[in-house]
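Per-entry structural report
Below, each chain spelled out in residue letters.
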Amino acid sequence: MALAHQHVQAFTQAKVSTKKLCRVSAAKKAVVRRSVRAPVKTMAVQTLEEVKNSMFADNQLQLLRPGVDDPDSIRARFHKMIRNAQNSICAAVEEMDGSGQKFRRDEWVRAGGGGGVTAVMQVGAAAEERRRGEEGKVWEKAGIAVSAVYGTMPGDAYRAAIGRDVPVDADDRVPFFVTGISCVMHPWNPHCPTMHFNYRLFETFDFKGIPGQWWFGGGTDITPCYVDEEDMKHFHSTYKAVCDRHDPEFYPKFKQWCDEYFTIRHRGEMRGLGGIFFDDLNDRDPEKIFAFATDCANHVVEAYLPIIARHKEQPYSVKEKEWQQIRRGKYAEYNVIYDRGTIFGLQTGGRTESILMSLPLTASWQYDHEPAPGTPEAEFMDACRHPRNWI
């Protein structure tokens, strides 16, 4: 774990300058979609060579716009931070898994502007090999995606992005830029929690008398299948310490926001056992929010992987595995019905495989299932229905 920790510590040591957010119009250039595992399809407006020249340098997909996005701006530095975070956290997860399995990486380009890099580690068809120790030992499916997309979005997508109603028509196209990182990890063992984090910078530009806006959003949350007080104290204490370094009011506010945001409203229960969540954060110097988001991303490994280390070899029963599948069904329900990022991505022509990367590989829906009173499963349901203070 020392190497993994060093990797993650390294990616956040960028100095923040006093420059403010740069407001520029999004470039409206059609590009092609590229996957490292699929042939490139060209569009009439650009040749393949033109796309390579404009978006690839030093063998790496360049998602920011040359001549448009100032490399010293928060926009560019935030994007650099999340790309380094993806690499560092992938390395830490591979080290913890210990099987030699590596993340598959797909580079893709969005026709409307921008693109991303999606890294996924999941089991193959030969699940029996995993039982013999020849495949991933810890994670059934883990994904970390970064993207920078820009162009115009429909009015409904704009409403989904800002989480409130605005005076735009259905056929309006609102100019925007967003860059972010999103991660979900689903372990094999039902005693190892699922973990999700997301950090993003979003900008819109002047449109029909509506001033351009910028904001940061994100958070890290945990979704176990069973209540483990020690695990929850560790996870929440880690993020309280991060929050307290930037604003003592952050943790209680963002912890409550997380509980409320990740509630499966049609079931009256939370998806998991919380963490922190914030959105539309633009109430102070953007450099300070950038520093906070960076600190949060810097502590994903510290908050999560020690919990995995405690439980990855813990024995589990068929009944416990079945309970995990039921909880994963609830996880999927939330993601496809309520998650603002999922809705925005689908409405703006994002890459479907990357957007739905968060869904578990396996899940189940048992009709009218309710745990028996007094069981560990019933205790977990009580914690999901009545949010607790873990520290």
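Look up: the structure comes first, before these words.
Report follows, based on the coordinates. Just so we're clear, the structure is a prediction, and the values are computed from it rather than from any experiment.

Residues other than glycine predominantly adopt negative phi, and peptide bonds predominantly adopt the trans conformation. One non-glycine residue with positive phi stands out, namely Asp280, at about 55°. For Asp280, the position within the fold is in strand E11 (residues 275–281). In this structure Asp280 comes out as partly exposed when scored by relative accessible area, which is 26%. Residues other than glycine seldom take positive phi values, yet Asp368 does so here, at roughly 55°. With respect to the element layout, Asp368 can be found in the loop between helix H12 (352–355) and helix H13 (376–385).

By size, the foremost hydrophobic cluster in this structure holds 65 residues, and its most contacted members are Phe78, Trp139, Met185, Tyr199, Phe216 and Tyr239. Considering each element in turn, this core owes the most residues, 10 residues, to helix H3 (residues 74–97). In this structure Phe78 touches Thr179, Gly180, Tyr199, Arg200, Leu201, Phe216, Phe290 and Ala293, once residues within four positions along its chain are discounted. Counting 11 residues, the second-largest nonpolar core is a separate cluster that includes Met153, Phe202, Phe207 and Trp215.

We now examine the pairing of strand E5 (residues 139–154). With respect to burial, E5 is a largely interior element, 15 of its 16 residues being buried. For strand E4 (residues 114–122) and E5, the ladder comprises 9 bridges, and the chain directions are antiparallel. When the sheet's bridge partners are listed, Met121 is paired in E5 with Ala142. Looking at chain direction, E5 and strand E6 (residues 173–187) are connected through 15 bridges and run antiparallel.

Buried residues dominate E4, accounting for 8 of its 9 residues. Two strands pair when backbone bridges link them, and strand E3 (residues 104–109) and E4 are joined in this way by 6 bridges, in the antiparallel orientation. Of the residues in E4, the one forming a bridge with Arg105 is Ala119.

On to the sheet that holds E4. As summarised here, the arrangement of the 7 strands in space is E3-E4-E5-E6-E7-E8-E11, forming an open sheet in which the pairing is antiparallel. Each end of this open sheet is capped by a strand with a single partner; those strands are E3 and E11. Taken over all neighbouring pairs, the strand axes of this sheet differ in orientation by 10° on average, direction set aside. Along the sheet, helix H8 (residues 286–298) contacts strand E7 (194–204), strand E8 (213–223) and E11; its crossing angle with E8, the most-contacted strand, is approximately 20°.

Counted according to the given criterion, the structure contains 23 aromatic pairs. Aromatic pair Phe254 and Trp257: ring centres 6.2 Å apart, planes at 50°, arrangement tilted. Of this pair, Phe254 and Trp257 both sit in helix H7 (residues 250–261), 3 residues apart, roughly one helical turn. A ring pair is formed by Phe262 and Tyr334, whose centres lie 5.5 Å apart and whose planes are at 50°; its orientation type is tilted.

Applying the stated rule across the entire model yields 26 salt bridges. Among the salt bridges present, the one from Arg284 reaches Asp247, with a minimum N-O distance of 3.0 Å. Separated by 37 residues along the polypeptide, Arg284 in the loop between E11 and H8 and Asp247 in the loop between helix H6 (229–246) and H7 bring together distant segments of the chain. By relative accessible area, Asp247 is classed as buried at 14%.

Across its 18 residues, H6 extends 26 Å between first and last C-alpha, which sits within 8% of the 26 Å expected from 1.5 Å per residue. The complete set of buried residues in H6 reads Asp231, Met232, Phe235, His236, Thr238, Tyr239, Val242 and Cys243. Take H6 and look down its axis: the buried residues cluster within an arc of 145°, on one side only. Exposed side of H6, more than 90 degrees from the buried face: Glu230 and Lys233 are the residues found there. If you check the start of H6, you find a side-chain oxygen 3.1 Å away from the backbone N of Glu230, and it comes from Asp228.

Calculation criteria
- Each chain carries its own residue numbering, running from 1 in the direction its sequence is written.
- Local features in this predicted model are restricted to residues whose pLDDT is 70 or higher, and side-chain atom pairs enter the listing and the counts only when it is 80 or higher, whereas totals over whole chains, interfaces and linings include all residues.
- Side-chain descriptors were evaluated using all non-hydrogen atoms of the structure, hydrogens and water having been removed beforehand.
- By the criteria applied, helices consist of DSSP H or I runs no shorter than four residues and strands consist of E runs no shorter than two, each listed in order from the N terminus.
- Only protein chains enter the accessibility calculation, which uses a 1.4 Å probe; a residue whose area is less than 20% of its type maximum is buried, one above 50% is exposed, and one in between is partly exposed.
- The set of buried Ala, Val, Leu, Ile, Met, Phe, Trp, Tyr and Cys residues whose side-chain atoms join them within 4.5 Å is what this entry labels a nonpolar core.
- Contact between two residues is taken to exist if any of their heavy atoms lie within 4.5 Å; hydrogens are not considered.
- In this scheme, strands are said to pair when DSSP sees at least two bridges between them.
- Angular values range over 0 to 180 degrees, each being the angle between N-to-C directions of two axes fitted as lines to C-alpha atoms, with helices fitted over their stretch in contact.
- Centres within 6.5 Å are what make two rings of Phe, Tyr or Trp a pair, Trp counting through its six-membered ring; a difference in plane orientation under 30 degrees is then read as stacked, over 60 as edge-to-face, and the rest as tilted.
- The rule for a salt bridge is simple: a side-chain nitrogen of Lys or Arg has to be within 4 Å of a carboxyl oxygen of Asp or Glu.
- Here, expected helix span is obtained from the residue count minus one, scaled by 1.5 Å.
- For this quantity, the arc is that covered by the directions from the helix axis to the C-beta atoms.
- Pairs of N or O atoms within 3.5 Å make up the polar contacts considered here, provided that, within protein, one atom can donate a hydrogen while the other can accept it, and that residues adjacent in sequence are counted only when both atoms are side-chain atoms.

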